[in-house]
Amino acid sequence: MNISLLRRLSGVTVVVLLTAFFIQSAGAADRSGSKAVSLEGKGPIEITSDRLDAYNEEKLVVFSGNVVATQADKVIRADQLFVYYKKKKGTKGQKSKDFGQEAGELDRIEARGNVQVTQGKKVVTGEHGVFYNDEQKIVMTGNPVMREGDNILKGERIIVLLDEDRGIVESSKEKRVTATIYPDESKNKKR
């Protein structure tokens, strides 16, 4: 059997097992009243790509080529998507017969190359974006631009705080924050 095909099949198996683990954890959260997975209530993340590589030891799954990740009204598009899971404490070097016991919660998702994050009418683009699951925060770098309608914000770094429905645009010595705002746009929406 071709090594590349075997590696892809192994990666698909990892994703299926991780999905099963998260579904099982979500069910456990409903019974116990505690949060087993921090993505509860937000729905599953569906990812499509041309290739998938999984690295069990590193708790990493890499999607490459025309990557599209969707969760509810959030869509991430990129050349590559690196999905990192938290490593469980005290399991270093231990092998478990049940993969679900080794799988951790989602830590972060890194998008690289032609990154576009869309939520409703808001669009943030750049060359590198990181979604931090615990903080529900996206940090975009590499010529980041935030758009909502005709309004455009640019800076060195853009931070989107999803739970707070707000964003921060930061500057540097080389690149100041710029904004193009159309104040009449909100008036036209009300009519």
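Each residue is numbered by its place in its chain's sequence as written, counting from 1. Reporting in this predicted model follows two pLDDT cut-offs: at least 70 for local features of residues, and 80 or more for side-chain atom pairs to be given and counted; totals over whole chains, interfaces and linings ignore these cut-offs and use all residues. Heavy atoms from the whole structure form the basis of all side-chain values; hydrogens and water molecules are not counted.

### Comments concerning the pairing of strand E10 (residues 157-161)
When you tally the buried positions in E10, you get four out of five residues, the bulk of the element. As judged from the five bridges shared by strand E7 (residues 137-141) and E10, these two strands associate in the antiparallel manner. For isoleucine 138, the partnering residue across the bridge sits in E10 and is valine 160. Pairing between strands is defined by DSSP: at least two bridges between the two strands are required. The secondary structure listing takes helices from DSSP runs of H or I that are at least 4 residues long and strands from runs of E that are at least 2 residues long, numbered from the N terminus. Sheet topology places E10 next to strand E11 (residues 166-170); five bridges connect them, and they run antiparallel. Residue pairing in the sheet places isoleucine 159 in a bridge with isoleucine 168 of E11. The buried label goes to any residue with under 20% of its type's maximum accessible area, the exposed label to any with over 50%, and the partly exposed label to all in between, with areas taken from a 1.4 Å probe on protein chains only.

### With respect to unusual backbone geometry
For lysine 59, which is not glycine, the phi torsion reads 55 degrees and is therefore positive. Relative to the elements of secondary structure, lysine 59 occurs in the loop between strand E2 (51-55) and strand E3 (60-71). Its relative accessible area of 14% is what places lysine 59 among the buried residues. Unusually for a residue other than glycine, aspartate 165 sits at a positive phi of about 50 degrees. Here aspartate 165 is to be found in the loop between E10 and E11.

### Points about the side chain of asparagine 133
Among the structural elements, asparagine 133 can be located in the loop between strand E6 (122-132) and E7. As used in this structure description, the phrase polar contact means that two N or O atoms lie within 3.5 Å; if the pair is within protein, one of them must be able to donate a hydrogen and the other to accept it, and residues adjacent in sequence are counted only when both atoms belong to side chains. Reaching out from asparagine 133, the side chain makes a polar contact with the backbone oxygen of leucine 106 at a distance of 3.2 Å.

### Here's the deal with the pattern of salt bridges
A carboxyl oxygen of Asp or Glu within 4 Å of a side-chain nitrogen of Lys or Arg is what we treat as a salt bridge. With the rule as written, the count across this model stands at nine salt bridges. A salt bridge links aspartate 53 to arginine 51; its shortest N-O distance comes to 2.8 Å. Residue classification places arginine 51 among the partly exposed residues on the basis of a relative accessible area of 30%. The closest approach of N and O atoms between lysine 122 and aspartate 165, which form a salt bridge, is 2.4 Å. Here the residue lysine 122 occupies a position in strand E6, and aspartate 165 occupies one in the loop between E10 and E11, the gap between them amounting to 43 residues. Relative accessible area serves as the criterion here: at 56%, aspartate 165 is assigned to the exposed category. Put simply, Asp107, Arg108, Glu110 and Arg112 are held in one network by salt bridges that share partners.

### As for the confidence of the model for the protein
Residue-level pLDDT values for the protein average 75, and 66% of them are 70 or greater. pLDDT expresses, on a scale from 0 to 100, how confident the predictor is about each individual residue. Ranking the elements of the protein by mean pLDDT puts helix H1 (residues 3-32) last with 38 and E2 first with 96. Below pLDDT 50 for its whole length, residues 1-41 participates in 47 contacts with residues either more than four positions away or in separate chains. In this analysis, two residues are considered to be in contact whenever any of their non-hydrogen atoms come within 4.5 Å of each other. In the predicted structure, residues 95-102 sits below a pLDDT of 50 and forms 12 contacts with residues beyond four places in sequence or in another chain.

### Here's the deal with empty space enclosed by the protein
Buriedness for pockets is judged along seven lines, at least five of which must meet protein on both sides within 12 Å for an open set on the 1 Å grid over protein atoms alone, while cavities are sets there where a 1.4 Å probe fits but cannot get out, and lining residues have an atom within 4 Å of a point. Grid points are joined across faces, edges and corners, and a volume is the space filled by probe spheres set on the points. A full pass over the atoms with the stated rule returns three cavities of 30 Å³ or more. Looking at the largest cavity, its volume works out to about 120 Å³. Considering the residues around the largest cavity, the lining is formed by Ile45, Ala69, Thr70, Gln71, Lys74, Ile76, Ile109, Val117, Phe131 and Ile138. Looking at the lining of the largest cavity, the elements with two or more residues in it are E3, strand E4 (74-85) and strand E5 (106-119). Sort the elements by how many residues they give to the lining of the largest cavity and E3 lands first, with three residues. Any residue that is not Ala, Val, Leu, Ile, Met, Phe, Trp, Tyr, Cys, Pro, Asp, Glu, Lys or Arg is counted as polar, Gly included; the first ten are nonpolar and the last four charged. Class assignment of the residues belonging to the lining of the largest cavity gives a composition of seven nonpolar, two polar and one charged.

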